[in-house]
Amino acid sequence: MIERHIIIDSVDPVSFYGVNNCNIQLIRNLFPKLRMAARGTVITVIGDDEETATFEQKIKELEMYCAKYNTLTEEVIIDTIKGTPPKELKMDDVIIYGVNGKPISGRTPNQQLLVKTFGENGLTFALGPAGTGKTYLAVALAVRALKNREVRKIILSRPAVEAGEKLGFLPGDMKEKIDPYLQPLYDALEDMIPQTKLREYMDTDVIQIAPLAFMRGRTLNDAIIVLDEAQNTTTHQIKMFLTRLGMGSKMIVTGDTTQIDLPRTVTSGLIHALHVLDGVKGIGKVEFVKKDIVRHQLVQRIVEAYERHSKDENENEKNAPPVRIS
């Protein structure tokens, strides 16, 4: 008799073990001669040397499948243990498989263009109206690079600029005041990484989410760095951020130049950077349009209505009679 300890550290144990440990129970039934126990990320198995070795090999195969697809089904477990390669899920245009095996991919031509542009450049600008998937895709591309071990960490950042509200009036300490501004980034990550694994990544700083001000003085190596809502940066802030790029790293900068929350007298750093960096080799740009909106169908209509209203206001200002000063 021999005892083996198998560590499954590349997947979320909850996803691997299944609801109420149903996957472990199935595996136990398929290896009736072995005694096993699963706790945390360690599976302990006792039995014949050859059979425990086969068990370890099959567990590692299942771990690889679960890490790739974020799900583990009864059919996959049975096929793997019986020696039949499980059916590969369709990978066309899929960036990653999110929680519960949900495929995440570019759904529109411009979203697919963002995936391609990111692969070809060190810095990519993704511009467009709300709901076009800029932030979501940027986070998905970062998670894919981390899962493929192309980078060691993900750094997600946003400027903490109030959209009609004041930071000082929010309750709590500085972290509690800042977190609401970063919530869209948390939401995207929770769609793509199981909760236990995400908590582990954040506790060990493999994934870092921080306001833009916390980036000063850092050199970010071997990372995917995402700056969201970049239209609300100043010219000094975005220059500071872009110059944090280190060896083995890539950046994605997202923003909507029609939703600037800065004071009217302050120039948007995103608009300034696009002008200054135009034509620089290694920098890509993808511009999303209303047709790329993938939220509720009302979002597209709302964007169009505001555009019409803004156009009408500009026309009225042009046609207004000059004011005479007597």
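Anything mentioned here points back to the structure above.
Now for a description of the structure that goes with this document. (Residues numbered from 1 in each chain as written. Predicted model: local features only at pLDDT ≥ 70, side-chain atom pairs only at ≥ 80, totals over all residues. Heavy atoms only, no water.)

So, about the overall build of the protein. When helices and strands are tallied, the protein shows 11 helices and 11 strands. Put simply, the protein has 326 residues, and 44% of those count as buried. Considering only intrachain contacts with a sequence separation of at least 6, the fraction spanning at least 24 residues in the protein is 71%. Of the accessible surface of the protein, which amounts to about 18800 Å², a share of 52% is contributed by carbon and sulfur atoms. (Helix = DSSP H or I, 4+ residues; strand = E, 2+ residues; numbered from the N terminus. Buried < 20%, exposed > 50% of the residue type's maximum accessible area, 1.4 Å probe, protein only. Contact = heavy atoms within 4.5 Å. Areas by Shrake-Rupley, 256 points an atom, 1.4 Å probe, with all protein chains shown as cover.)

Right, let's talk about the pattern of salt bridges for a bit. This model, assessed by the stated rule, comprises 10 salt bridges. As a salt-bridge pair, E120 and K116 come within 2.9 Å of each other at their nearest N and O atoms. Here E120 pairs with K116, and both are found in helix 5 (residues 109–120), just 4 residues apart, close to one helical turn. Taking the shortest distance from any N to any O, the salt bridge between E200 and K197 comes out at 3.4 Å. Residue E200 and its partner K197 are located together in helix 8 (residues 195–203), separated by 3 residues, close to a single helical turn. Judged by its relative accessible area of 38%, E200 is partly exposed. We classify K197 as buried; its relative accessible area is 7%. Shared partners join several salt bridges into a network, and the residues in it are R4, D49 and E56. (Salt bridge = Lys/Arg side-chain N within 4 Å of Asp/Glu carboxyl O.)

The 6 strands are arranged 8-7-9-10-6-11 in an open sheet whose pairing can be described as parallel. Here the strands that pair on one side only, and so sit at the sheet edges, are strand 8 (207–211) and strand 11 (283–287). Each strand axis lies, on average, 15° off the axis of its neighbour in the sheet, ignoring direction. Inspection of the sheet shows strand 7 (residues 153–158) paired to strand 8 by 5 bridges, in the parallel sense. Bridging across to strand 8, S157 finds its partner in A210. (Pairing = 2+ DSSP bridges. Axes fitted to C-alpha atoms, helices over the stretch in contact; angles between N-to-C directions.)

Now for the packing of helix 3 (residues 49–69) against helix 4 (residues 74–81). Look at helix 3 against helix 4: their axes get within 10 Å of each other, and the N-to-C directions meet at 140°. Here helix 4 runs oblique to helix 3, going by the angle between their axes. For the pair helix 3 and helix 4, the sense of crossing is right-handed. Packed against helix 3, whose contacting residues are K58, E61, L62 and Y65, the element helix 4 presents V76, I77, T80 and I81 at the interface. When the residues that make up the contact of helix 3 with helix 4 are grouped by side-chain class, the tally is 5 nonpolar, 1 polar and 2 charged. (Parallel < 35°, antiparallel > 145°, perpendicular 65-115°, else oblique. Left-handed = near helix turned anticlockwise from the far one by under 90°. Nonpolar A, V, L, I, M, F, W, Y, C, P; charged D, E, K, R; others polar.)

For strand 1 (residues 2–7) and strand 3 (residues 42–47), the ladder comprises 6 bridges, and the chain directions are antiparallel. Within the sheet, the bridge partner assigned to I7 lies in strand 3 and is V42. As defined by bridge partners, strand 2 (residues 35–39) adjoins strand 3 across 5 bridges and the pair is classed as antiparallel. Looking at the pairing, M36 lines up with V45 of strand 3. The antiparallel pairing of strand 2 with strand 3 creates a hairpin that spans 2 residues between the two strands, and G40 there sits at a positive phi of about 65°.

In this structure the tally under the stated criterion is 4 aromatic pairs. Seen from their ring centres, Y65 and Y69 are 4.6 Å apart, and the 50° between their planes marks the pair as tilted. Of this pair, Y65 and Y69 both sit in helix 3, separated by 4 residues, roughly a single helical turn. As far as burial versus exposure is concerned, Y65 and Y69 are alike and both buried. Seen in terms of ring centroids, Y69 and Y97 are 4.8 Å apart; in terms of plane orientation they differ by 70°. Their pairing is edge-to-face. Placement of Y69 in helix 3 and of Y97 in strand 4 (residues 94–97) is noted, with a sequence separation of 28 residues between them. When its relative accessible area of 0% is taken as the criterion, Y69 is described as buried. Here the aromatic residues Y65, Y69 and Y97 are joined through ring pairs into a cluster of three or more. A cation sits over an aromatic face here: K250 above F118, 4.8 Å from the ring centre. (Phe/Tyr/Trp six-rings, centres within 6.5 Å; stacked < 30°, edge-to-face > 60°. Lys NZ or Arg CZ within 6 Å of the ring centre and 35° of its normal.)

This paragraph deals with the nonpolar core. Formed by 36 residues in total, the largest nonpolar core has its most connected members in L189, M192 and I207. At the level of secondary structure, the elements contributing two or more residues to this core comprise strand 4, helix 5, helix 6 (134–147), strand 7, helix 7 (174–192), helix 8, strand 8 and strand 9 (223–227). Not counting the four nearest positions on each side in its chain, L189 is found in contact with V139, V143, L156, L198, I207 and I209. Judged by nonpolar contacts, the second largest core, of 26 residues, contains I6, L34, M36 and I43. (Core = buried A, V, L, I, M, F, W, Y, C linked by side-chain atoms within 4.5 Å.)

Here we take up helix 6. End to end, helix 6 covers 20 Å across 14 residues, agreeing with the expected 20 Å (1.5 Å per residue, within 8%). The buried fraction of helix 6 is high, at 11 of 14 residues. Restricting attention to buried positions, one finds in helix 6 the residues K134, T135, L137, A138, V139, A140, L141, A142, V143, A145 and L146. At the exit of helix 6 stands R149, carrying a positive phi of roughly 60°. (Expected span 1.5 Å × (residues − 1).)

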